[in-house]
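# Residue-level structure breakdown
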Amino acid sequence: MIKPIITNEFMQFYNCQMEEKQAIEYGYKLLSSLDKIADKIKLEVGEEGLELLTSYHSTRWALLRYLSYLEQSNHMLTVLDAEIFATYLFTNLRDFEQLIDEEFSEYGF
């Protein structure tokens with residue numbers, strides 16, 4: 001079993017219950033962690049397999065868009081955009097975590 005991705009800390013991030021600076025730091029820490037997991041999976045199934053199994057690139061993109069909203073670096077993003085990105089991120093990470101537990105747990109995630 002992997003270290004859980006959907007944690008209480010993630011839920012605080014998802015529900016905007018963190019201070020802005022803390023949320024941004026957490027988001028980048030999460031991004032780094034996801035990149036490391038994706039690299040391990042990619043070694044086993046390749047780039048195409050990674051995307052087919054996990055929708056990794058779109059999940060990563062949603063996290064980056066959510067972070068750009070939090071950082072206020074993209075003034076075109078609205079609260080509704082942020083909610084959509086966060087919901088997409090939550091759903092994909094939940095599925096990502098389940099897939100890793102079921103299919104890749106022997107690889108030491």
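Up top you'll find the structure we're talking about.
The notes below deal with the structure included here. (Residues numbered from 1 in each chain as written. Predicted model: local features only at pLDDT ≥ 70, side-chain atom pairs only at ≥ 80, totals over all residues. Heavy atoms only, no water.)

### Points about the packing of helix H3 (residues 56-71) against helix H4 (residues 79-104)
- As a packed pair, H3 and H4 sit with axes 9 Å apart at the nearest point and diverge in direction by 145°. Every pair of crossing elements has a handedness; the one defined by H3 and H4 is left-handed. Contact residues: H3 offers Ser 58, Thr 59, Trp 61, Ala 62, Leu 63, Arg 65, Tyr 66 and Tyr 69, while H4 offers Val 79, Ala 82, Phe 85, Ala 86, Tyr 88, Leu 89, Asn 92 and Leu 93.
- Here the contact of H3 with H4 is built from residues that sort into 12 nonpolar, three polar and one charged. (Axes fitted to C-alpha atoms, helices over the stretch in contact; angles between N-to-C directions. Helix = DSSP H or I, 4+ residues; strand = E, 2+ residues; numbered from the N terminus. Left-handed = near helix turned anticlockwise from the far one by under 90°. Contact = heavy atoms within 4.5 Å. Nonpolar A, V, L, I, M, F, W, Y, C, P; charged D, E, K, R; others polar.)

### Focus: unusual backbone geometry
- We note that Cys 16 has phi near 55°; this positive angle belongs to a residue other than glycine.
- Here Cys 16 is to be found in the loop between helix H1 (8-14) and helix H2 (20-54).
- What makes Cys 16 exposed here is its relative accessible area of 55%.
- Not every positive phi belongs to a glycine, and Ser 55 is a case in point at roughly 50°. (Buried < 20%, exposed > 50% of the residue type's maximum accessible area, 1.4 Å probe, protein only.)

### What to know about the environment of Tyr 66
- When you line up the elements, Tyr 66 lands in helix H3.
- By relative accessible area, which is 2% here, Tyr 66 ends up buried.
- Sequence spacing of Tyr 66 and Tyr 26 is 40 residues, and the spatial spacing of their C-alpha atoms is 12 Å.
- In contact with Tyr 66, not counting residues within four places along its chain, are Phe 13, Tyr 14, Cys 16, Ala 82, Phe 85 and Ala 86.

### Side note on the pattern of salt bridges
- The tally for this structure, following the rule as stated, stands at five salt bridges.
- Close ionic contact of Lys 42 with Glu 47 constitutes a salt bridge, the shortest N to O distance being 3.2 Å.
- For Lys 42, a relative accessible area of 30% gives the class partly exposed.
- Where Arg 94 meets Asp 95, a salt bridge forms, and the shortest distance between an N and an O atom there is 3.6 Å.
- Judged by its relative accessible area of 38%, Arg 94 is partly exposed.
- Taken together, the shared-partner salt bridges connect Asp 39, Lys 42 and Glu 47 into one network. (Salt bridge = Lys/Arg side-chain N within 4 Å of Asp/Glu carboxyl O.)

### Digging into the packing of H2 against H3
- Contact geometry for H2 and H3: axes closest at 8 Å, N-to-C directions at 165°. In terms of their interaxial angle, H2 and H3 are classed as roughly antiparallel. Crossing of H2 against H3: the hand is left-handed. (Parallel < 35°, antiparallel > 145°, perpendicular 65-115°, else oblique.)

### Here we look at the packing of aromatic side chains
- With the rule as written, the count across this model stands at eight aromatic pairs.
- Between Phe 10 and Tyr 14 the ring centres are 6.2 Å apart and the planes differ by 10°, which places this aromatic pair in the stacked class. Of this pair, Phe 10 and Tyr 14 both sit in helix H1, four residues apart, which is roughly one turn of that helix.
- Judged by centre distance (6.2 Å) and plane angle (20°), the rings of Phe 10 and Phe 90 are stacked. Of the two residues, Phe 10 sits in helix H1 while Phe 90 sits in helix H4, which places them 80 residues apart along the sequence.
- For Phe 90, a relative accessible area of 18% corresponds to the buried category. (Phe/Tyr/Trp six-rings, centres within 6.5 Å; stacked < 30°, edge-to-face > 60°.)

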